[in-house]
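# Summary of structural features
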Amino acid sequence: MDEQIRRWAAEARRDGLQLVGEGGLLARMTKLVVESALEGEMDDHLGYGKHDPAGRDGGNSRNGKRTKSVETEAGPVEIAVPRDRDASFEPQMVKKRQRRLNGVENIVISLSAKGLTTGEISAHLREVYGAEVSKQTISTITDRVMDAMADWQNRPLDPVYPVLFLDCVNVKIRDGNVANRPIYVAMGVTVDGTRDILGLWAGEHGDGEGAKYWLRVLAELKNRGMADVCIVVCDGLKGLPDAIAQVWPQALVQGCVVHLLRNSFAYASRKDWPELAKDLKPVYTAPSESAALDRFAEFSDKWEKRYPAVVRLWTNAWAEFVPFLQFDQAIRQVIYTTNAIESVNARIRRAVKARGHFPTEAAALKCVYMAIMSLDPTGSARQRWSNRWKAALNAFEITFDGRLSAART
């Protein structure tokens, strides 16, 4: 087979035949493979091969062919689909009314996950593959992921999660006027040390979400099997701590250290960022709360005159920051590592920014979901997280005695 392919490629070069596009080498090879597969399916359906005398008994038999054009990665291909006399043949390689091979659908979904609009995807397919795929067709293809998203959003969860991150990404939605709307992302750290996106929720209209909204979200997670959480990491979401206390009474609520650091830089000149980061590090790496207070006092003496807003930010957030100081260093690494929720949000923001704004809330959720599904396709990052998990697992077992064992029963 390899030798035959090389011979075809050599003949194509000799004859000046293009590789892709209509009438190209790949299109001809695709036509040959698809039609051969369809003939094989017809053989299986009838129980005998083409020109076999067994087909002369007066029963169901072949009844010619019908042509149809399908879109492929190699460009548009016209294929001949065999028919039978009683119309009972249901082809699987290219099903009835199917106009695109699955590879095209995978390309569309992949490009949409990267933030390309329907018009940009249509232009890309036309330019690269010579395939004319309308914007409406592309929208229909991507709409199919909504069924998968519903199953994903309702899948069962583990009984216990050591850490649950709750964060939001703002998207622009055209609801009358274009306005920012939050989409909340829940990411759990499992007892095996892997990170798992647990769900997406669009924020409500108005002045923001309160305890009632968060109670509904957390109750949904609990109803899916999440009976307990050791630490919930969030950042100033109104009403969330009260909802957490009601759904998971034993959970510790921890302010997000990464957000606290990032928000600090927003009040400072860029040239001072390295020095600010250096002076804040002794605060969040202090061995105890009293030591952290001493380091923060030193930070305040140095920076309060120049950046009073930074000092006020840390002072106001101190109560949410304090629980972090009681944890073992391995647990702290899990909480403030930028390789967790921040890397997920970065991928989401890249896809959202490429789109600009969305016509509906459902369109925004679909884009975010596809961006999440495109994360870590090889599973290498998941494996790296698991390899670094053992020290943190031991620390969680000691700090939250007996609670993680419920996940293994």
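Structure first, text after, so check above.
The structure contained in this document is the topic of the report that follows.

## Some details on the overall build of the protein chain
A count of helical and extended segments in the protein chain gives 18 helices and seven strands. When contacts within the protein chain are restricted to residue pairs at least 6 apart in sequence, long-range pairs at least 24 apart make up 63% of them. Carbon together with sulfur atoms contributes 51% to the accessible area of the protein chain, which is approximately 21,300 Å² in total.

## Quick word on the environment of Met42
Mapped onto the elements, Met42 comes out in helix α2 (residues 25-46). Sequence spacing of Met42 and Asp84 is 42 residues, and the spatial spacing of their C-alpha atoms is 8.2 Å. In this view, Met42 contacts Arg62, Pro82, Arg83, Asp84 and Phe89; residues no more than four positions away in its chain are not counted.

## Things to note about the environment of Pro91
Looking at the secondary structure, you find Pro91 in the loop between β2 (75-84) and α3 (102-113). When the C-alpha positions of Pro91 and Glu41 are compared, they lie 6.8 Å apart, and in sequence the two are 50 residues distant. Excluding its chain neighbours within four sequence positions, the residues that come into contact with Pro91 are Leu38, Glu41, Val81 and Lys96.

## Here's the deal with the sheet that holds strand β5 (residues 195-202)
With respect to topology, five strands assemble into an open sheet ordered β5-β4-β3-β6-β7, the strand pairing being mixed. Across the chains shown, the open sheet's two edge strands, defined by having one partner strand only, are β5 and β7 (252-255). Each strand of the sheet is rotated relative to its neighbour by a mean of 25°, with strand direction disregarded. Here strand β4 (residues 177-189) pairs with β5 via seven bridges, running antiparallel. When the bridges of β5 are listed, Ala186 appears paired with Gly199.

## Focus: the pattern of salt bridges
For the coordinates displayed, the defined rule picks out 11 salt bridges. Among the ionic pairs, Lys65 bridges to Glu39, the shortest N-O distance being 3.3 Å. Pair noted here: Lys65 is in strand β1 (residues 62-72) and Glu39 is in helix α2, with a separation of 26 residues, a long-range link. For Glu39, a relative accessible area of 17% puts it in the buried group. Across the pair Glu298 and Arg295 runs a salt bridge, and its minimum N-O distance is 2.9 Å. Here the residue Glu298 and the residue Arg295 both occupy positions in helix α11 (residues 289-303), the gap between them amounting to three residues, near one helical turn. Each member of the salt-bridge network shares a partner with another, and the members are Glu39, Asp43, Arg62 and Lys65.

What counts and how
In this numbering scheme, every chain counts its residues from 1 along its sequence in written order. Local features in this predicted model are restricted to residues of pLDDT 70 or higher, and side-chain atom pairs are both shown and tallied only at a pLDDT of 80 or more, whereas totals for entire chains, interfaces and linings draw on every residue. Only heavy atoms go into the side-chain values, all of them from the structure, while hydrogens and water stay out. Helix and strand definitions follow DSSP, with helices as H or I runs of at least four residues and strands as E runs of at least two, each counted in order from the N terminus. The contact criterion used is simple: two residues touch if any of their non-hydrogen atoms lie within 4.5 Å. Note on areas: Shrake-Rupley, 1.4 Å probe, and residue coverage restricted to the protein chains presented here. When DSSP locates at least two bridges between a pair of strands, those strands are taken to pair. Here the axes come from fitting lines to C-alpha atoms, over the contacting stretch only for helices, and the angles between their N-to-C directions go from 0 to 180 degrees. Salt bridge, as used here: a side-chain nitrogen of Lys or Arg that lies within 4 Å of a carboxyl oxygen of Asp or Glu. For every residue, the accessible area (1.4 Å probe, protein chains only) is compared with the maximum for its type, and the residue is labelled buried under 20%, exposed over 50%, or partly exposed between those bounds.

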